[in-house]
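Structure at a glance
Residue-level listing of the chains:
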Amino acid sequence: MTNQSIAAATETNPSVESSAGLASSSPSSAHLAEPKLSEPQKSAGQKRRWTIEDSEDLYRINGWGEPYFSINAAGHITVSPQGDRGGSLDLYELVRALKLRNLALPLLIRFSDILEDRIERLNACFAKAIARYNYPGVYRGVFPTKCNQQRHLIEDLVRFGKPHQFGLEAGSKPELMIALATLDTPGALLICNGYKDREYIETATLAQRLGHTPIVVVEQAEEVDLAIEAWRKLGVKPILGIRAKLSAKGIGRWGTSAGDRAKFGLTVPEMIRAVDQLRSADMLDCLQLLHYHIGSQISAINVVKEAIREASQIYVELARLGANMKYLDVGGGLGVDYDGSKTNFYASKNYSMQNYANDVVAEVKETCEERGLPVPTLVSESGRAIASHQSVLVFDVLGTSDVRPHLPEPPQDKDPLVIRNLYETYQSITVDNYQEAYHDAAQFKEEAVSMFGFGYLSLTDRARAEQFYWACNAKILEIARQQEYVPDDLEDLEKIMASIYYVNLSVFQSAPDSWAIDQLFPLMPIHRLDEEPTQRGTLADLTCDSDGKIDQFIDLRDVKYVLELHSLKRSEGDSPHSHEPYYLGMFLNGAYQEIMGNLHNLFGDTNAVHIKLTPKGYQIEHVVKGDTMTEVLGYVQYDSEDLIENIRQRTEQALQENQITLQEAQLLLENYERSLSRYTYLSA
Ligand SMILES: *Cc1c(COP(=O)(O)O)cnc(C)c1O
């Protein structure tokens, strides 16, 4: 979790990159981060009114959200799905409108215009780099299907990509099935990665007859034999690529995708052997592409550069050995700035999309020119950078748990000493002794617990001791928050005092990477942003799993362990626990999360809608209903008819035995049956 460029980033610098894709940059683009840094103003004493600008700073929305997400005067998040080129809509109002159409939360909202904008940007960046360096070749990107295979999304992607001859990448046989049937753009590439058997290679090869340009990328030495056999059998020559195991190191979580121990790719000796094999089979003309992928979310531009440098050398060497080289495929890895810090932190990246394109284009051109070889068509397989921004998950808060206590009556002389000590500590807390008081209070509380263990303290007295302890912490925290520097030993206090916000979602279903690999997604309320969030909280999901929580959040430096949230507003009339809806949004989660989400506790797919901007507002293009209970139960081989029949028979028996009334039986059966056809999440 090092954050090397942070040191350079702490100066106040208001320069914010203009729209990522269109910013110009120098060829040596490994610049250090220059984030906009605005500490929340801690004007001692006088309280100003909280503004939406305060929320912008707090949640860093300009850092990670530009140009798609911002805050309007009403304190709601707005979405500008066409970036800086088009209109915007109020996310909070959209959610309310969707709820009126019976689309319950949690709700995944996909903005197809954002998807289009991402494709436009990526292609514009490469076009600009190609023009800038007079690169005598073209760029033909592909989308790695594994990033998000949803049909509506892939169909949109193919359509939006047509003007740029944007293609697809498949990493498995089922993904190949999708790509073969969906891609219909003349000249677009179909890159075939992953482990392959005979059937995979034959299918891909024959697809040339349908007008496809399938490139079978050899990832394992044995696949060369399969390719040779395919030609002999079919009489159609496959177009082949080779995946190189670069020695250039990746970085971060996926750093091990490169290097000698990587799972995929051929080492240099294996590549040489493959070339020899193909030459003997009279198939060296089939070898046209060099591919590498050094891992996802590359946060440092120097890593990108190092890899492209090594790969372009391998490319020219393969050409020199007689291969018919035409394409250089730089794989994925183009990062997403989840925390908006523009640093090489794992949740960020210290370069823009334009920097990335510039470095790829410049490096390849230089190497090919030096060696007097024609330049390749450049291919990239950027998944995360294309698919992340387009979807937003909106979910509601069901309730909160607060450790903040009611202060008990002051103790009397007859009360146990430990309680009196805690009370005295509470009374005496000031700016000058709050650190000492923190430790005193903790010690007295320990003492109280241990006395209770020995039977010297009643349960009621222990309760009072704990209440005073929490009161001390609350008072200390209030002082600590006013200070410029919080002493190290008090850092846990925010965490200890944080409220738990119970949220209507399953982390395992909707943000599996947050659970599995501690990935950070920007999270914030989508309304009330003109109000100060006075609470600090962590999120707990619906599953009965203590891992089903989110307790790490984006921050300018490193991560923070509590999120600033609003207290729930009581709604009148109803039960004492009912409150006005409080909606949170999880952003940039359009890549990988949906397909990796699992059915832990049988929480199923969430509802999803596709929204497109129109001149008059927006249009709901598709509604993809989330799983019903019947559907998730079906995944584990329960038939809902059988289940209902079972309950019916039991009810009948209970009726016979006078264990249940007829009305109760009716209600039970109705509820049971109705539930099965319902959403797996809670209804507010
Ligand atoms: C996963 C993967 C990608 C996509 O990587 P991103 O970082 O999401 O752009 C591209 N190519 C290959 C071979 C992959 O395995």
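Calculation criteria
- Residues numbered from 1 in each chain as written.
- Predicted model: local features only at pLDDT ≥ 70, side-chain atom pairs only at ≥ 80, totals over all residues.
- Heavy atoms only, no water.
- Near = heavy atom within 4 Å.
- Polar contact = N/O pair within 3.5 Å; in protein donor to acceptor, adjacent residues only side chain to side chain.
- Areas by Shrake-Rupley, 256 points an atom, 1.4 Å probe, with all protein chains shown as cover.
- 1 Å grid on protein atoms, 1.4 Å probe; cavity = no way out; pocket = protein on both sides within 12 Å on 5 of 7 lines; lining within 4 Å.
- Sits in = over half its atoms within 2 Å of the grid points.
- Nonpolar A, V, L, I, M, F, W, Y, C, P; charged D, E, K, R; others polar.
- Buried < 20%, exposed > 50% of the residue type's maximum accessible area, 1.4 Å probe, protein only.
- Helix = DSSP H or I, 4+ residues; strand = E, 2+ residues; numbered from the N terminus.
- Pairing = 2+ DSSP bridges.
- Salt bridge = Lys/Arg side-chain N within 4 Å of Asp/Glu carboxyl O.
- Points joined across faces, edges and corners; volume = space filled by probe spheres on them.
- Axes fitted to C-alpha atoms, helices over the stretch in contact; angles between N-to-C directions.
- Contact = heavy atoms within 4.5 Å.
- Disulfide = S-S within 2.5 Å.
- Domains from an automatic or database assignment.
- Expected span 1.5 Å × (residues − 1).
- Phe/Tyr/Trp six-rings, centres within 6.5 Å; stacked < 30°, edge-to-face > 60°.

In the vicinity of the ligand lie 16 residues, with Lys146, Ser296, Glu381, Gly383 and Tyr592 positioned nearest. Between an oxygen atom of the ligand and a side-chain N or O atom of Lys146, the distance comes to 2.6 Å. Between the ligand and Arg384, the relevant distance is 2.9 Å, taken from an oxygen atom to a main-chain nitrogen or oxygen of the residue. Compared with its free state, where it exposes 380 Å², the ligand has 92% of that area covered by protein. Spatially, the ligand is embedded in the second largest pocket. Residue classes in the shell around the ligand are distributed as two nonpolar, nine polar and five charged.

Moving on to the pairing of strand E16 (residues 535-540). Within E16, six of the six residues are buried, which leaves the element mostly enclosed by the surrounding structure. The alternating pattern of E16 places Gln535, Gly537 and Leu539 on one face and Arg536, Thr538 and Ala540 on the opposite face, and all of these are buried. As judged from the four bridges shared by strand E14 (residues 499-503) and E16, these two strands associate in the parallel manner. Its bridge partner lying in E16, Tyr501 is registered against Leu539. The pairing of E16 with strand E20 (residues 563-565) spans three bridges and is antiparallel. In the sheet register, Arg536 faces E20, and the bridge partner there is Glu564.

Let us now look at the pattern of salt bridges. Counted according to the given criterion, the structure contains 31 salt bridges. A salt bridge links Glu317 to Arg320; the nearest nitrogen and oxygen atoms lie 3.4 Å apart. Residue Glu317 and its partner Arg320 are both found in helix H11 (residues 301-320); the two are separated by three residues, about one turn of the helix. A relative accessible area of 60% places Arg320 in the exposed class. Here the salt bridges share partners, and the residues they tie into one network are Asp84, Arg85, Asp117 and Arg121.

Turning our eyes to something else, we now look at empty space enclosed by the protein. Within the structure shown, the criterion is met by three cavities of 30 Å³ or more. As a volume, the largest cavity reaches approximately 70 Å³. If you trace the largest cavity, you find it lined by Leu58, Tyr59, Arg60, Trp64, Phe521, Pro522, Leu523, Met524, Phe553, Ile554, Lys560 and Leu563. Within the residue set of the lining of the largest cavity, elements represented by two or more residues are helix H2 (52-59), strand E15 (523-525) and strand E18 (553-554).

Remark: the empty space left among the atoms is shown by a probe the size of a water molecule rolled over them. Of the pockets and cavities examined, the second largest pocket occupies roughly 870 Å³. The element best represented in the lining of the second largest pocket is helix H19 (residues 512-516), accounting for four residues. For the lining of the second largest pocket, the residue count by class is 14 nonpolar, 15 polar and nine charged.

We now examine the sheet that holds strand E11 (residues 327-329). Strand pairing in a sheet takes place through backbone hydrogen bonds and is either antiparallel or parallel in direction. In spatial order, the strands read E5-E6-E7-E8-E9-E10-E11-E12; together these eight strands make up an open sheet with parallel pairing. Edge positions in the sheet fall to strand E5 (142-144) and strand E12 (377-379), since each has one partner strand and no second. Between one strand and the next, the sheet's axes are offset by a mean angle of 25°, whatever the strand orientation. Sheet strands in contact with helix H7 (residues 173-182) are strand E6 (167-170) and strand E7 (189-192), and its direction is about 170° off that of E7. Set on the sheet, helix H8 (residues 198-206) makes contact with E6, E7 and strand E8 (213-218); between it and E8 the angle comes to about 150°.

A few words on the state of the cysteines. Cysteine pairs can be covalently joined through their sulfur atoms, and such a bond is termed a disulfide. All told, the structure shown has zero disulfides when counted by the stated rule. The structure places no disulfide on Cys147, whose sulfur is separated from the nearest cysteine sulfur, that of Cys192, by 18 Å. Using a relative accessible area of 2% as the deciding quantity, one classes Cys147 as buried. Just so you know, Cys286 is unpaired, no disulfide at all, and the nearest cysteine sulfur is the one on Cys192, 14 Å from it. The class of Cys286 is buried, set by a relative accessible area of 2%.

Turning next to the domain arrangement of the chain. How big an interface is tends to be expressed through the accessible area that disappears when the partners come together. Domain parsing of the chain yields domain 1 (194-381), domain 2 (417-493) and domain 3 (639-676). Each of domain 2 and domain 3 has a C-alpha centre, and these two points are 53 Å apart.

Taken together, three strands build an open sheet; the order of strands is E1-E2-E3 and the sheet is antiparallel. Since the sheet does not close on itself, it has two edges, and those belong to strand E1 (69-71) and strand E3 (89-90), each with one partner.

Okay, H11 next. Its 20 residues place the ends of H11 29 Å apart at the C-alpha level, agreeing with the 28 Å of an ideal helix rising 1.5 Å per residue. Positive phi appears at Gly322, one or two residues downstream of H11, with a value of about 110°.

This paragraph deals with the packing of aromatic side chains. The full count for this structure, using the stated rule, is 17 aromatic pairs. Relative to Phe69, the ring of Trp64 lies with its centre 6.1 Å away and its plane at 45°, an arrangement referred to as tilted. For the residue pair Trp64 and Phe69, the accessibility class agrees, reading buried in each case. Considering the side-chain rings of Phe508 and Trp515, the 4.8 Å spacing of their centres and the 65° angle between planes classify their relative orientation as edge-to-face. For Phe508, a relative accessible area of 2% corresponds to the buried category. The rings of Trp64, Tyr68, Phe69 and Phe587 are connected pair by pair, giving a single aromatic cluster.

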